[in-house]
Amino acid sequence: GAVVSQHPSRVICKSGTSVKIECRSLDFQATTMFWYRQFPKQSLMLMATSNEGSKATYEQGVEKDKFLINHASLTLSTLTVTSAHPEDSSFYICSARTEETQYFGPGTRLLVL
Amino acid sequence: KQEVTQIPAALSVPEGENLVLNCSFTDSAIYNLQWFRQDPGKGLTSLLLIQSSQREQTSGRLNASLDKSSGRSTLYIAASQPGDSATYLCAVAINAGKSTFGDGTTLTVKP
């Protein structure tokens, strides 16, 4: 099956810093990618839809100025958590869409101290 | 808005038992339904994908069924093993893209 990678797999940062997470589709092109967030002991919630060459579409309640999404190529989408705070600590998972379904990355665990 | 519910929230069984996990969804106009496994602190492992036109999928000891009209899917695990212990997530897609996830069922299989 198709492979989606994320980098880094784990990141610890100080409060107030910005963190960039990369999502790559390794063996296929994806015009659309999705970013999900999972808080401890909760399920995954869709944050935004990343469209190649255009602005991302954010779900209700997700701050677009805090979670910057860039989908500059057909194989790469990035999520930047700006001025991260402890409440942003979470597990971030991306997925990339094909015509049939979406394939999920392994996730990035963010801890903000 | 699609809502996905998984019952039970937690399940503990002795090794060797057959078990069923349930997933229900409110909007039957789905594109596909996927079952995932998630180990603590880890990402998602796709187990079975059922397209809208299908009624079931099987992989080894796992069998997933889909009944769109009633808004239900079940994941059947045969001859459970301690290594099956994990959280099982059901995800319903309304198109080939975004999915709505249930809260998961945390399974513990005791040796």
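Above this text sits the structure in question.
This write-up is about the structure you can find in this document.

1. A word on the layout of surface pockets
Here comes step 1: When its volume is computed, the largest pocket comes out at roughly 640 Å³.
Here comes step 2: Surrounding the largest pocket, 21 residues form its lining, A:Met45, A:Leu46, A:Glu59, B:Lys1 and B:Thr100 being those nearest its centre.
Here comes step 3: Contributions of two or more residues to the lining of the largest pocket are made by strand E5 (44-51) of chain A together with strand E10 (99-101) of chain B.
Here comes step 4: Within the lining of the largest pocket, the residues separate by chemical class into nine nonpolar, six polar and six charged.
Here comes step 5: For the second largest pocket, the calculated volume is near 430 Å³.
Here comes step 6: Surrounding the second largest pocket, 23 residues form its lining, A:Gln38, A:Lys41, A:Gln42, B:Gln38 and B:Thr87 being those nearest its centre.

2. Side note on the nonpolar core
Here comes step 1: In this structure, A:Trp35, A:Phe67, A:Leu79, A:Tyr92 and A:Leu110 are the most contacted members of the largest nonpolar core, which totals 24 residues.
Here comes step 2: Broken down by secondary-structure element, the contributors of at least two residues to this core are strand E2 (10-13), strand E3 (19-25), strand E4 (32-38), E5, strand E7 (67-73), strand E8 (76-81), strand E9 (90-97) and strand E11 (108-112) of chain A.
Here comes step 3: Not counting the four nearest positions on each side in its chain, A:Leu110 is found in contact with A:Val11, A:Cys13, A:Val19, A:Val81, A:Asp88, A:Ser89, A:Ser90 and A:Tyr92.
Here comes step 4: Among the nonpolar cores identified, the runner-up in size contains 23 residues, and B:Val13, B:Cys23, B:Ile77 and B:Val109 belong to it.

3. Quick look at the sheet that holds E8(A)
Residue and element names in this part refer to chain A.
Here comes step 1: In spatial order, the strands read E1-E3-E8-E7; together these four strands make up an open sheet with antiparallel pairing. The sheet is open, and its two borders are formed by strand E1 (4-7) and E7, each paired with just one other strand. Averaged over all pairs of adjacent strands, the angle between strand axes in this sheet comes to 15 degrees, irrespective of strand direction.
Here comes step 2: Sheet topology note: the E3/E8 ladder contains six bridges and is antiparallel. If you follow Arg-24 over to E8, its bridge partner there is Leu-76.

4. Points about the interface of chain A and chain B
Here comes step 1: Listed as interface residues are 19 residues of chain A and, on the opposing side, 19 residues of chain B.
Here comes step 2: For the pairing of chain A and chain B, the buried interface totals around 1400 Å² over both sides, and the portion due to carbon and sulfur atoms is 50%.
Here comes step 3: Counting across the chain A and chain B interface gives one salt bridge.
Here comes step 4: There are six residue pairs in polar contact (both at pLDDT 80 or more) connecting chain A and chain B.
Here comes step 5: Breaking the side of chain A that touches chain B down by element, the ones donating at least two residues are E4, E5, E9 and strand E10 (102-104) of chain A.
Here comes step 6: By residue class, the composition of the side of chain A that touches chain B is eight nonpolar, six polar and five charged.

5. So, the sheet that holds strand E6 (residues 56-59) of chain B
Residues and elements named next belong to chain B.
Here comes step 1: In spatial order, the strands read E1-E3-E8-E7-E6; together these five strands make up an open sheet with antiparallel pairing. The sheet is open, and its two edges are formed by strand E1 (4-7) and E6, each paired on a single side. The mean angle between the axes of side-by-side strands here comes to 15 degrees, regardless of whether they run parallel or antiparallel.
Here comes step 2: With six bridges connecting them, strand E3 (residues 19-25) and strand E8 (residues 72-77) associate as antiparallel partners. Across the sheet, the residue bridging to Leu-19 is Ile-77, located in E8.

6. Let's talk about the environment of A:Lys66
All names here are of chain A.
Here comes step 1: In this fold, Lys-66 is placed in the loop between strand E6 (57-58) and E7.
Here comes step 2: As for Lys-66 and Tyr-92, which are separated by 26 residues in sequence, their C-alpha atoms are 14 Å apart.
Here comes step 3: Excluding anything up to four places from it in sequence, Lys-66 contacts Thr-80, Val-81, Thr-82, Ser-83, Ala-84, His-85 and Asp-88.

Criteria and cut-off values
Residues numbered from 1 in each chain as written. Chains lettered and ligands numbered in written order. Predicted model: local features only at pLDDT ≥ 70, side-chain atom pairs only at ≥ 80, totals over all residues. Heavy atoms only, no water. 1 Å grid on protein atoms, 1.4 Å probe; cavity = no way out; pocket = protein on both sides within 12 Å on 5 of 7 lines; lining within 4 Å. Points joined across faces, edges and corners; volume = space filled by probe spheres on them. Helix = DSSP H or I, 4+ residues; strand = E, 2+ residues; numbered from the N terminus. Nonpolar A, V, L, I, M, F, W, Y, C, P; charged D, E, K, R; others polar. Core = buried A, V, L, I, M, F, W, Y, C linked by side-chain atoms within 4.5 Å. Buried < 20%, exposed > 50% of the residue type's maximum accessible area, 1.4 Å probe, protein only. Contact = heavy atoms within 4.5 Å. Pairing = 2+ DSSP bridges. Axes fitted to C-alpha atoms, helices over the stretch in contact; angles between N-to-C directions. Buried area = accessible area lost by both parts, 1.4 Å probe. Salt bridge = Lys/Arg side-chain N within 4 Å of Asp/Glu carboxyl O. Polar contact = N/O pair within 3.5 Å; in protein donor to acceptor, adjacent residues only side chain to side chain.

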